[in-house]
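# An overview of the molecular structure
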Amino acid sequence: MSLRVLVNGAGGRMGKEVVKAVCRAADMELVAAVDPACAGQDIGVAAGLGELGVVVDADLAQAIQRVQPERVVDFTMPSTVAANARTVLSAGVHLVIGTTGLLEQDLQKLDALAREQRVGVVHAPNFALGAVLMMRFAREAARFFPGVEIIELHHDKKRDAPSGTAIKTAEMIKEVWRKPEAGVVEELKLAGARGSDFAGVHIHSVRLPGLIAHQEVLFGGPGQTLTIRHDSMDRESFMPGVLLAIRKVADFQGLVYGLEHLLF
Ligand code: NAP
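A tally of regular secondary structure across the protein chain gives 9 helices and 11 strands. Taking 264 residues into account, the globule formula puts the C-alpha radius of gyration at 18 Å, and the protein chain, at 19 Å, falls close to it. Along the first, second and third principal axes, the C-alpha set of the protein chain runs to 60 × 40 × 30 Å. Within the protein chain, buried positions represent 50% of all 264 residues.

Have a look at this one:
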């Protein structure tokens, strides 16, 4: 039996990639696609697969009611993802969230709602295996270096900053890093010159056309530096992680935050 999957945000850059990945997966069936931006179109045509006979819906709640999916995958926007998630979980459907920009309090609420409904939510700010390893290695290095800063680099259409990956990395670093006493009082000639600050970890956000998703974690200690870098050159890099989450999300009740919990 194939898993019945609804893709929300199906007409976006990530959504189209998920549509292709789900259609190619032998154990999944694309039963609906939702995206107000391309409602009424055949999603197969929009995603470059040719006609699939799946016409894009504008309304998530109605589409869920109509097709009764077993999984919903959300790659939409920071401003809409929390409301989308409430709609999906209230309908008692397992949810995979790739959309970034959710705040700590949003995650707590989604966890509570998912537990109440006895369904799983997997939210990974980065579904690429290399990015998961980059974060893990950064956490390991943070035990040994007094200085650490993050540079995240993304395409110029990205809406949220800093990236969800950078925030998750800083959270993981914070678990083990002992921040040194401030050495100097800094005088900033321009506001924001030192980037944003998450628990003492500076995060610098670069936005440029031509980029996809990249991150460097730079460590400094006496007489040496260490740089850990990951690059997603293609959105295909996220798909094995997304498919894994679709398969495994029903093993959980409540929120799983980070792909590492499905991998290690
Ligand atoms: P995008 O191209 O802007 O796609 C988002 C799509 O969702 C657009 O077609 C948008 O329509 C649509 N949309 C907006 N509100 C909606 C709603 N309420 N219901 C259904 N669809 C809605 O963005 P993207 O580059 O695909 O990125 C999407 C999200 O994934 C971002 O938050 C990004 O940071 C994140 N991301 C995560 C990963 C990961 O591994 N977790 C990797 C890459 C990106 P309009 O154009 O009309 O607004």
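Next up on the list: the domain arrangement of the protein chain. Taken domain by domain, the protein chain holds domain 1 (3-123 + 236-263) and domain 2 (129-233). Measuring from the centre of the C-alpha atoms in domain 1 to the corresponding centre in domain 2 gives 28 Å. Each partner contributes residues to the interface: domain 1 has 12 residues there, and domain 2 has 13 residues. Roughly 1100 Å² is buried in total at the junction of domain 1 and domain 2, and carbon and sulfur atoms are behind 58% of that figure.

Under the definition given, this model contains 15 salt bridges. Between Asp160 and Lys158 there is a salt bridge, and its shortest N-O distance comes to 3.0 Å. An identical accessibility class is assigned to Asp160 and Lys158; each is buried. Arg229 serves as the salt-bridge partner of Asp231, at 2.6 Å between the closest nitrogen and oxygen. Since its relative accessible area comes to 28%, Asp231 is described here as partly exposed.

A few words on the packing of helix α3 (residues 60-67) against helix α4 (residues 81-90). The interhelical angle for the contact between α3 and α4, taken along N-to-C directions, is 25°, at an axis separation of 10 Å. Relative to α4, α3 is oriented roughly parallel. Here α3 and α4 pass one another in a crossing that is right-handed. Every residue of α4 that contacts α3 at Leu60, Ala61 and Ile64 is listed here: Asn84, Thr87 and Val88. Residues that form the contact of α3 with α4 fall into these classes: 4 nonpolar, 2 polar and no charged.

What the 6 strands build is an open sheet, ordered β2-β1-β3-β4-β5-β11; its pairing is parallel. Pairing within the sheet leaves two strands with one partner each, and these edge strands are β2 (28-34) and β11 (254-257). For this sheet, the mean angle separating the axes of adjacent strands, direction not counted, is 20°. Bridging between strand β5 (residues 120-123) and β11 involves 4 bridges; their strand directions are parallel. Bridge pairing links Gly120 to Gly254 in β11. In the packing of helix α8 (residues 239-248) onto the sheet, contacts are made with β1 (3-8), β2, β3 (71-74), β4 (94-97) and β5, and the angle to β3 comes to roughly 150°.

Before going further, it helps to spend a moment on the sheet that holds strand β7 (residues 196-198). Two strands in a sheet stick together by hydrogen bonds in their backbones, pointing the same way (parallel) or opposite ways (antiparallel). In space, the 5 strands of this open sheet follow the order β7-β8-β6-β9-β10, with mixed pairing throughout. Strands with a single pairing partner mark the edges of an open sheet, and in this sheet they are β7 and β10 (224-232). The mean inter-strand angle of the sheet, taken between neighbouring strand axes irrespective of direction, is 20°. When strand β6 (residues 147-154) meets strand β8 (residues 201-207), the two strands line up parallel, connected through 6 bridges. Bridging across to β8, Glu149 finds its partner in His202. The strands touched by helix α6 (residues 129-142) are β9 (213-221) and β10; relative to β10, the strand with the most contacts, the crossing angle is about 165°. Each of β6, β7, β8 and β9 touches helix α7 (residues 164-176); the most contacted strand, β6, lies at about 165° to it.

Criteria and cut-off values
- Residues numbered from 1 in each chain as written.
- Predicted model: local features only at pLDDT ≥ 70, side-chain atom pairs only at ≥ 80, totals over all residues.
- Heavy atoms only, no water.
- Helix = DSSP H or I, 4+ residues; strand = E, 2+ residues; numbered from the N terminus.
- Rg over C-alpha atoms; globule rule 2.2 N^0.38 Å.
- Buried < 20%, exposed > 50% of the residue type's maximum accessible area, 1.4 Å probe, protein only.
- Domains from an automatic or database assignment.
- Contact = heavy atoms within 4.5 Å.
- Buried area = accessible area lost by both parts, 1.4 Å probe.
- Salt bridge = Lys/Arg side-chain N within 4 Å of Asp/Glu carboxyl O.
- Axes fitted to C-alpha atoms, helices over the stretch in contact; angles between N-to-C directions.
- Parallel < 35°, antiparallel > 145°, perpendicular 65-115°, else oblique.
- Left-handed = near helix turned anticlockwise from the far one by under 90°.
- Nonpolar A, V, L, I, M, F, W, Y, C, P; charged D, E, K, R; others polar.
- Pairing = 2+ DSSP bridges.

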